[in-house]
There are 2 protein chains.
Amino acid sequence: MTERPGQPSLRGPKTSQRLAHVLAQPILSGTVPPGERLPNEQAMMALYGAGRPTVREALRLLEARGLITLKTGPGGGPIVRRPPKDSLSEALSLVLQVEGASFADVTDARMALEPVLARRAAERIDDARIAELEDSVAQLRANRGGHEVFVTQNQRFHGLVAEAAHSVVLDVFVSTLKAIADGVRVGVQYSARKQSAVADAHQAVIDAFKARDPDRAEAAMREHLAEAERYWRHRYPELMTRPVQWTY
Amino acid sequence: MTERPGQPSLRGPKTSQRLAHVLAQPILSGTVPPGERLPNEQAMMALYGAGRPTVREALRLLEARGLITLKTGPGGGPIVRRPPKDSLSEALSLVLQVEGASFADVTDARMALEPVLARRAAERIDDARIAELEDSVAQLRANRGGHEVFVTQNQRFHGLVAEAAHSVVLDVFVSTLKAIADGVRVGVQYSARKQSAVADAHQAVIDAFKARDPDRAEAAMREHLAEAERYWRHRYPELMTRPVQWTY
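Below or above, wherever it landed, is the structure these notes cover.

Let's shift gears to the overall build of chain A. Counting its secondary structure elements, chain A contains 10 helices and two strands. Each helix and strand of chain A, ordered N terminal to C terminal, gives the series α-α-α-β-β-α-α-α-α-α-α-α. Once the C-alpha set of chain A is aligned to its principal axes, its extents read approximately 65 × 40 × 35 Å. In chain A, of all internal contacts separated by at least 6 residues, the share reaching a separation of at least 24 is 75%. When the accessible surface of chain A is totalled, it reaches about 10,600 Å², and 51% of it is carbon and sulfur. Seen as two clouds, the 33 positive and the 30 negative side-chain charges of chain A have centres 5 Å apart.

This is the structure:
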């Protein structure tokens, strides 16, 4: 990992990546838990025999990957964090911009994935999770049109279904897609009447879970998303053609 | 974007990210095509009023995202590239390691996604693409057991199906999953007899495409993947529990 000071930055381009990988191991293995502070820049330079630019670049790479936050100011430094499930969204939004994907393409992928998650959830869900889902619907119904509660409970419902499916990879994908392009997040508004229809749709999925009926759960989720998509297309026709852009 | 030289690196932690985003725009919009050289470090420092560490960090971030390669040595520097569809694999493998995903979880996700791609391909595929798929099967059949040709034609078949589906997001996901955990890539060997069975399975998918039958295409792809998974579980029982690890 040693490098000469003042060495041109484009020599040995992988040194900082290798250091980032070394630094990541105890974080990924859980040896260094979230919230813990890593050694500061000076200490890392001594520890790894690396120059300041290499250490800084390695820390930026870990920050970009969501494994640390870099706190500024006195007492600052690298703090370990657990990357959230949607931490892929930066990288995915970049690839999708390159591929020319639109909001409609992201919606299309959610419509392929979420019914599968509902199917699997129906095969695996326990009563405690069903109770949580019913609580989410109850809060939607009590809400009477407020935007914040609707956003929160809507995300909670879909998040609970994804978790109940125990399909970690699909869960990561759907979380990421929602972070990139979700109607509610981009400002789609739902009237009280429309919110009530969403509560009904969520209840239909829950009823299929209670019946442990995978086919019915899949179909209910598919219909729910198809209805949402129709609403977005009708009320926000320009939304669907909006290109995905790299968000960071 | 201006910063004082010698400023501590952990102040203004986002400066290099902002510069990376500025530098990315002409690449993402296609104004600067792949293969083109960006200004060197010195020129960028002048252009953007940024210090050397900021420019270096910004370039590393773009490199990590697959938007440039950094060529070393005299005449080197940042060269624009088009990130490949599987360039998400680094970021995804990191998140999946954090989430504790195994090879089986990745296989499980492929089994959810690829039948959907086959269904959509059946709705949209044209004759030219079908001819390419048939050529791929013909090359598999002529191969008589060689590993390289099998790997190439197997990937070609699945890649063609994904493209024919015109589901850019799902295509990116499946490409990424194959880059992270594919039986053939991790060294699973197929006997000549087994390869012949794979060719039959591919042909069954193609026959469903020719009949423009989405249900049959989805079912044929599902059965093909289920058979592959059974083979992997039987021959390489330890493979399925292998944890996904951050690959960079």
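With that settled, the discussion passes to the relation of the copies chain B and chain A. Turning chain B through 180° and shifting it by 0.1 Å along the axis lays it on chain A, with an RMSD of 0.1 Å. Such a combination of rotation and displacement between the chain copies is what one expects of a two-fold axis. Residues of chain B ranked by C-alpha distance from the rotation axis are headed by E57 of chain B, positioned 2.7 Å from it. Interface overlap between copies is the fraction of interface residues in one copy that are interface residues in the other; for chain B against chain A it reaches 98%, indicating a shared surface.

Take the pattern of salt bridges next. Applying the stated criterion across every chain yields a total of 40 salt bridges over all chains. Residue R119 of chain A is joined to E218 of chain A by a salt bridge in which the shortest nitrogen-to-oxygen separation is 2.4 Å. Residue R119 of chain A is located in helix α5 (residues 103-124), and its partner E218 of chain A is located in helix α10 (residues 214-235); the two are separated by 99 residues in the primary sequence. For E218 of chain A, a relative accessible area of 15% corresponds to the buried category. The closest approach of N and O atoms between R156 of chain B and D135 of chain B, which form a salt bridge, is 2.9 Å. With a gap of 21 residues between them, R156 of chain B in helix α7 (residues 147-164) and D135 of chain B in helix α6 (residues 127-143) connect regions that are remote in the sequence. Each member of the salt-bridge network shares a partner with another, and the members are R119, D215, E218 and R222 of chain A.

Cut-off values and rules
Residues numbered from 1 in each chain as written. Chains lettered and ligands numbered in written order. Predicted model: local features only at pLDDT ≥ 70, side-chain atom pairs only at ≥ 80, totals over all residues. Heavy atoms only, no water. Helix = DSSP H or I, 4+ residues; strand = E, 2+ residues; numbered from the N terminus. Contact = heavy atoms within 4.5 Å. Areas by Shrake-Rupley, 256 points an atom, 1.4 Å probe, with all protein chains shown as cover. Lys, Arg positive; Asp, Glu negative; His and termini not counted. Charge placed at Lys NZ, Arg CZ, Asp CG, Glu CD. Least-squares fit on C-alpha atoms with pLDDT ≥ 70 in both. Salt bridge = Lys/Arg side-chain N within 4 Å of Asp/Glu carboxyl O. Buried < 20%, exposed > 50% of the residue type's maximum accessible area, 1.4 Å probe, protein only.

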